[in-house]
Amino acid sequence: MMDWAVPLSQLVIEDDDLRAVTDTYRSGWLSMGPRTQEFEDLFSRFVGTEHAVAVTNGTAALHLMCLAVGLTAGDEVIVPSLTFVATVNAVRYTGATPVFADIAGLVRPWMSAPACEQMITSRTKAVMYVGYGGHAGEIGALRDLCDRRGLILLEDAAHAAGSWWHGRHLGTFGAAGAFSMFSNKNLAVGEGGVVVTADKTVASRVRLLRSHGMTTLTWDRHRGRARNYDVVALGYNYRIDEPRATLASCRLGRLAEENHRRAQLDARYREALGDLDVVIPLPPVEGLVSAHHLFTVVLPEDVDRDAFREQLSDRGIQTSVHYPPVHRTAVYAASQELPITDQYATRTVTLPMFSRMRDEQQEHVVSATGKALARTRCL
Ligand SMILES: *Cc1c(COP(=O)(O)O)cnc(C)c1O
């Protein structure tokens, strides 16, 4: 493993977390059970909705959410292209057709509500919003659009654990929302995901499909609460296990505080990079509490991005690109024109952002960014 002076993200597991996980391993029950239930209760309270269903990863959460609202072959679902490919794959798994909509702008790299509206056809069934970087973006406008046009609003809230828009948690604006607990996410346990919904029918559908479409759980039978089961739907094994659910509960207790530190780092980046010739997306706006999952900059057109990233890498700073646009990947190769997405995707760089970042690490990133910008422009 490369030893970065400043990695893109960094995960620290506390001793308390390890103790709780060790206790779980000693409990005699490792697959989905009481600790998963406990985490689901904590998470649904945290986001302020009725139901939370924990699953094995964020992609499974997206897939089950799409199935539970009834997406199927022949449906079209409007999605951003500037997202991780799993957002779009989840739609495809159901047989529905993803249709890409452009982002709002370089400073506003989220799916634009007017662009979304333009893509609506008689087959459109749903809109899948991604709260890019933890920002609420145009969620309000999209909710209104979906209401007006009779479409189902779904949210990929993988970046948005701890993001509120006017007091409402992202992931709870539409029919359902999906979260990821992958290693580099704000609420990280390694692999894990959660579906949230206020709709009882959607929740019970997700629960059923999470565990093979079976009417009882092994845990119920273990406790003598049930003896038999029927299989009433073509389900999956998308269960989470108890050690990860335990870790998730522990880490959830610290999420708001960790996101607060991210907010400080975000503000310092904005101030320190403000004089450079870069566009800084995802502006703070009134009414938004963001998870600050990502800090990105958009380089001037004449900067060679690879050279820029190389310069940072030479100084021990890890960067990334969020994202290579999905409509340009070989598996989708969509013929749609998404000019702003293309602009953003070719010029964006993601800088390190994690709650444990020390001030001097951030200063190192800031000064290296200024130097790299000056050098790569003259090339
Ligand atoms: C991480 C991520 C996912 C996938 O989550 P996994 O837990 O890795 O399956 C989906 N969508 C977005 C936007 C993500 O960032």
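You'll find the structure just up there.
Okay, so let's go over this structure. Note that residues are indexed from 1 along each chain, following the sequence as it is written. Totals for whole chains, interfaces and linings use all residues, but because this is a predicted model, local features are given only for residues with pLDDT of at least 70 and pairs of side-chain atoms are given and counted only at 80 or more. The side-chain figures draw on all heavy atoms in the structure; neither hydrogens nor water molecules are used.

A short note on the overall build of the protein
The condition is simple: Secondary structure elements follow DSSP: runs of H or I of four or more residues count as helices, runs of E of two or more count as strands, with numbering from the N terminus. Under the scheme applied here, a residue whose accessible area is under 20% of the maximum for its type counts as buried, over 50% as exposed, and between as partly exposed, the area being computed with a 1.4 Å probe on protein chains only. The contact criterion used throughout is that any non-hydrogen atoms of two residues lie within 4.5 Å. Using a 1.4 Å probe, the Shrake-Rupley method yields the accessible areas, and only the shown protein chains count as cover for residues. Charged-residue counts in this description rest on Lys and Arg as positive and Asp and Glu as negative, His and the chain ends being excluded. A single reference atom marks each charge: NZ on Lys, CZ on Arg, CG on Asp, CD on Glu.
In terms of helices and strands, the protein carries 12 helices and 12 strands. Along the longest, intermediate and shortest principal axes, the C-alpha atoms of the protein span 75 × 55 × 40 Å. In the protein, buried positions account for 58% of the 379 residues. Across the protein, every contact between residues at least 6 apart in sequence was considered, and the portion connecting residues at least 24 apart equals 72%. Of the roughly 16300 Å² of accessible surface on the protein, a fraction of 49% belongs to carbon and sulfur atoms. Taking the average place of the 39 positive charges on the side chains of the protein and the average place of its 43 negative ones, the gap between the two points comes to 5 Å.

Some remarks on unusual backbone geometry
Of note, the amide linkage connecting H322 to Y323 takes the cis form, showing an omega dihedral of 10°. For H166, which is not a glycine, the phi torsion comes out positive at approximately 45°. Topologically, H166 is positioned in the loop between β6 (164-165) and β7 (168-169). Phi is positive for H212, close to 65°, though the residue is something other than glycine. By secondary structure assignment, the location of H212 is in the loop between α7 (200-210) and α8 (218-222). Accessibility expressed as a relative area gives 31% for H212, which makes it partly exposed.

What about the pairing of strand β5 (residues 152-156)?
Along any regular strand, the residues point their side chains to alternate faces of the sheet. Inclusion rule: When DSSP finds at least two bridges between two strands, those strands are taken to pair. Think of it like this: strands point away, you trace from the first strand over the helix to the second, and a clockwise trace means the crossover is right-handed.
Taking burial as the measure, the 5 residues of β5 include 5 buried ones, the bulk of the element. Neither face of β5 is left uncovered, since the one carrying I152, L154 and D156 and the one carrying L153 and E155 both have all their residues buried. Bridge count for strand β4 (residues 124-130) against β5 is 5 bridges, and the pairing is parallel. The partner of V130 across the bridge, within β5, is D156. With respect to chirality, the unit in which β4 leads through helix α6 (residues 139-149) into the neighbouring parallel β5 is right-handed. Both β5 and strand β8 (residues 176-180) contribute to a ladder of 3 bridges, which runs parallel. Following the sheet pairing, D156 is matched in β8 by A178.

Considerations on the nonpolar core
Across soluble globular proteins, nonpolar side chains show a tendency to be buried alongside one another. Condition: Put simply, a nonpolar core is a bunch of buried Ala, Val, Leu, Ile, Met, Phe, Trp, Tyr and Cys residues held in one set by side-chain atoms that sit within 4.5 Å of each other.
Ranked by internal contacts, the top residues of the largest apolar core, which has 52 residues, are F39, F43 and V127. The greatest single-element share of this core, amounting to 5 residues, is contributed by helix α9 (residues 242-273).

Here's the deal with helix α2 (residues 34-47)
Rules: Here the expected length of a helix is defined as 1.5 Å per residue gap, with one fewer gap than residues. The directions from the helix axis to the C-beta atoms are what the arc is built from.
Helix length check: α2 (14 residues) gives 20 Å between terminal C-alpha atoms against 20 Å at 1.5 Å per residue, within 8%. When we look at burial in α2, the residues that qualify are T36, F39, E40, F43, S44, F46 and V47. The buried residues of α2 occupy an angular sector of 155° when the element is viewed end-on, so they sit on one face.

Topic: α9
Threshold: The reported bend at a residue is simply the angle between two axes, fitted to the 7 residues ending at it and to the 7 residues beginning with it.
A rise of 1.5 Å per residue sets the reference length of α9, with its 32 residues, at 46 Å; its end C-alpha atoms lie 43 Å apart and thus fit the reference within 8%. Of all the bends in α9, the greatest measures close to 45° and is centred on L255.

Side note on the environment of T49
Which entries qualify depends on this criterion: Any N or O atom pair separated by 3.5 Å or less is treated as a polar contact, with the protein-specific requirement of one donor-capable and one acceptor-capable atom, and with residues adjacent in sequence counted only for side-chain atom pairs.
Mapped onto the secondary structure, T49 falls in the loop between α2 and β1 (51-55). In this structure T49 comes out as buried when scored by relative accessible area, which is 14%. Setting aside residues no more than four positions away along its own chain, T49 makes contact with S44, T172, V196, T197 and A198. A polar atom in the side chain of T49 sits 3.5 Å from the backbone oxygen of T197.

Let's talk about the side chain of T350
Mapped onto the elements of the fold, T350 is located in strand β12 (residues 348-351). Judged by its relative accessible area of 1%, T350 is buried. Only 2.8 Å separates the side chain of T350 from the side chain of H322, close enough to count as a polar contact. T350 has contacts with L8, L294, F295, T296, T319, S320, V321 and H322, leaving out every residue within four places of it along the chain.

A look at the site of the ligand
Rules: By convention in this text, a residue qualifies as near a molecule or strand provided that one of its non-hydrogen atoms is within 4 Å of it.
Surveying the vicinity of the ligand reveals 16 residues, the closest of which are G58, T59, D156, S180 and K185. Side-chain polar atom of D156 to a nitrogen atom of the ligand: 2.7 Å apart, as the coordinates give it. Within the contact set of the ligand, an oxygen atom lies 3.0 Å away from a side-chain nitrogen or oxygen of K185. Its free accessible area being 380 Å², the ligand has 93% of it covered by the protein chains.

Some points on the pattern of salt bridges
Rule in force here: The term salt bridge refers to a pairing of a side-chain nitrogen on Lys or Arg with a carboxyl oxygen on Asp or Glu at a separation within 4 Å.
Under the definition given, this model contains 20 salt bridges. Salt-bridge contacts for D16 lead to R19; the nearest nitrogen and oxygen are separated by 2.6 Å. Note that D16 and R19 are positioned in helix α1 (residues 15-26) at a spacing of 3 residues, about one turn of the helix. For R377, the salt bridge identified is with D277, shortest N-O distance 2.6 Å. In this pair, R377 is assigned in helix α12 (residues 359-378) and D277 in the loop between α9 and β10 (288-289), connecting sequence segments 100 residues apart.

Just geometry here; none of it tells us what the structure is for.
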